[in-house]
Amino acid sequence: MRRTVPTLALLLSLVLPLLPIAPASAAAQSAISWAPCQEDATVECGTLTVPVDWNKPSGQTFELALARRKATDPAARIGSLVINPGGPGGSGVDAVLNNWLGFTPEITSRFDVVGFDPRGVARSHPILCSLELATQAPDPLSLKSQADFDALLAFNERYRQDCRSRTGPLFDQVHTGNVIRDLDALRAALGDDKLSYYGVSYGTLIGQQYAQRYPSRVRALALDSNMDHSLGTTAFLDTESQAAQDSFDEFVAWCDRTASCALHGRDIRALWKELLARADRGELHLPGQPEITLTKLRLIGQAFGAFYGPAYKELAEFLVALESGAQTARAILTPAPAQEVINDASQVFCQDYLLPVRDYREYARLLRRSAAIAPDMLVSSAGHALATACLGTSGPIPNPQRRLNVSGTPTLLLGNAVHDPATGYPWAVNAARQIGREARLLTYEGWGHGIYGRGECPTAAFDDYLTSLAVPSKGARCPAMPPAELSTLRARPLPGPVPGLPGWVPAAR
């Protein structure tokens, strides 16, 4: 799963790291009562009581939901490995229950793998919002005037108020600065003197900020597909556009050289342009679900989600079905079931990233700039949708962008694919540069989002680091695995709605 920060927010970013740090466990219930999970009795579930507002430790509390798979070789057990699957909005409990992250026996034999639902997510006092209202959100790509822009801001404020009223005080306390305090309370409650952690995508922001706040409490932080929390509006949208377009280019190149691609020998860019035009006219429908109209952003989101795998074969077949109007093909990403309320974790992003846009004129300029960078994809369906959903957020926000200032930790392992559609490779390079000597960057030469499990090289590197604290050599690179193989190998669901995007609702219009 990424601008100029207003002066007050910048001041906060400089002051907050200097505030005294009390032990997180002091304000949290230290004991966890574990019991077999209802979904899978081989997994233990529990809760940890933590404050809604860590600055008011004696105030309201809520239950942080947990799941644990105990180490299969207790005699060789190192401790707990806390994980986060990304998002924002990904459930660590579900990740453990369903083995989303696919850890090898090297990890599962030696660690209790522990997942938690971050505050505001899934079972941890979820942010709840009206589904009916969510479906009324203006299309970010359809704004044509200042009046449209003003209507978007008005909707965002109405939606925020709806979510706040349904959720309560926690709504304004879901930023990553609080999540890392929950994480440290969890570390203490698990009985670990130091934290071992694996985070992917948005989970890397949790790891990065934990290292900055609690350097002496780090054993190993494995950060897979990295966020860059230093970017302002233009830099964030530019880099997201670049990553999305790069993945489209790689898809086209794969089809050009792969005879089994359903679009082999075709002008894919011309077909894509035609499909975008049909979507813009309201003439494109989800195969097999004609009641669902695919807007341009939804079409882009289908391709973007496929790039996570990367599921190039399935994407090509999907585009062929769209072209022909076939009703048998399925969407690359399955829409969420109908419900009255949704758990929309986009507020986490809005409290971590302040990405202001002054008016429609600047908004249109940013979209033109993105389209110039990404002539096929036009935008990043994750980055642009999140940024648009947060427009109108008043500053200062509680966890504003700032460069990482990590000192005194053991070496942190950062890994990233060169062709990642969501957390582009330059983000990992920049994050590693900010961390400095405490960082070691592992480059995966291939495609997709998340490099753990993509062949022996990156998997062994992460395993060796987590178990033995061995780090790859400087400049280490891992060869790519062919996308055709990865389409079936990496079948874990994305954290959150399409594509890993909080609050996405595939309602018919």
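For the structure, see preceding data.
First things first, this report covers the structure right here in the doc. From a predicted model like this one, the values you see are computed outputs, not experimental measurements.

Comments concerning the overall build of the chain
For step 1, the next point in the chain: Each helix and strand in the chain was counted, giving 17 helices and 14 strands.
For step 2, the next point in the chain: Taken across its 509 residues, the chain has 59% of its residues classed as buried.
For step 3, the next point in the chain: When the accessible area of the chain is evaluated, it comes to approximately 19400 Å², of which 53% is carbon and sulfur surface.

Some remarks on the nonpolar core
For step 1, the next point in the chain: With 75 residues, the main nonpolar core has Val82, Leu186 and Leu414 as its most contacted residues.
For step 2, the next point in the chain: The element contributing the most residues to this core is helix 15 (residues 425–435), with six residues.
For step 3, the next point in the chain: Those residues within four positions of Val82 in sequence are excluded, and the remaining contacts are Val114, Phe116, Leu183, Leu186, Leu190, Leu195, Ser196, Tyr197 and Tyr198.
For step 4, the next point in the chain: Core analysis: the next-biggest nonpolar cluster, separate from the first, contains 41 residues, Ala244, Val252, Cys261 and Ile300 among them.

Notes on helix 15
Residues lying three or four places apart along an α-helix face the same way, a consequence of the helix completing one turn every 3.6 residues.
For step 1, the next point in the chain: Here helix 15 lies mainly inside the structure; eight of its eleven residues are buried.
For step 2, the next point in the chain: Looking only at helix 15, the buried set comprises Tyr425, Trp427, Ala428, Asn430, Ala431, Ala432, Gln434 and Ile435.
For step 3, the next point in the chain: Next to the buried residues of helix 15 lie helix 7 (202–213), helix 8 (233–257), strand 12 (412–419), strand 13 (439–447) and strand 14 (477–478).
For step 4, the next point in the chain: In the stretch just after helix 15, Gly436 is the one whose phi turns positive, near 85 degrees.

Structural notes on the side chain of Arg278
For step 1, the next point in the chain: Along the chain, the position of Arg278 falls in helix 9 (residues 268–280).
For step 2, the next point in the chain: Here Arg278 occupies a buried position and makes no salt bridge, while the nearest side chain of opposite charge, Glu274, is found at 4.4 Å.
For step 3, the next point in the chain: Those residues within four positions of Arg278 in sequence are excluded, and the remaining contacts are Glu283, Leu284, Leu322 and Glu323.

Rules behind the numbers
Per-chain numbering applies: the sequence of each chain, read as written, is numbered from 1 onward. Whole-chain, interface and lining totals are the exception, using all residues; otherwise, since this is a predicted model, local features are given only for residues with pLDDT of at least 70 and side-chain atom pairs are given and counted only at 80 or more. The side-chain figures draw on all heavy atoms in the structure; neither hydrogens nor water molecules are used. Secondary structure elements are taken from DSSP: a helix is a run of H or I of four residues or more, a strand is a run of E of two residues or more, and numbering for both begins at the N terminus. For each residue, the accessible area found with a 1.4 Å probe, counting protein chains only, is set against the maximum for its type, and the residue is called buried under 20%, exposed over 50%, and partly exposed in between. Calculation of accessible area relied on Shrake-Rupley with a 1.4 Å probe; when residues are assessed, cover is drawn exclusively from the protein chains displayed. Within this scheme, the nonpolar core is defined by two criteria: the residues are buried Ala, Val, Leu, Ile, Met, Phe, Trp, Tyr or Cys, and they are joined through side-chain atoms within 4.5 Å. In this analysis, two residues are considered to be in contact whenever any of their non-hydrogen atoms come within 4.5 Å of each other. His is not counted, nor are the chain ends; Lys and Arg add positive charge and Asp and Glu add negative charge. One side-chain nitrogen of Lys or Arg within 4 Å of one carboxyl oxygen of Asp or Glu is enough to make a salt bridge.

Function-wise, these values are silent; they only describe arrangement.
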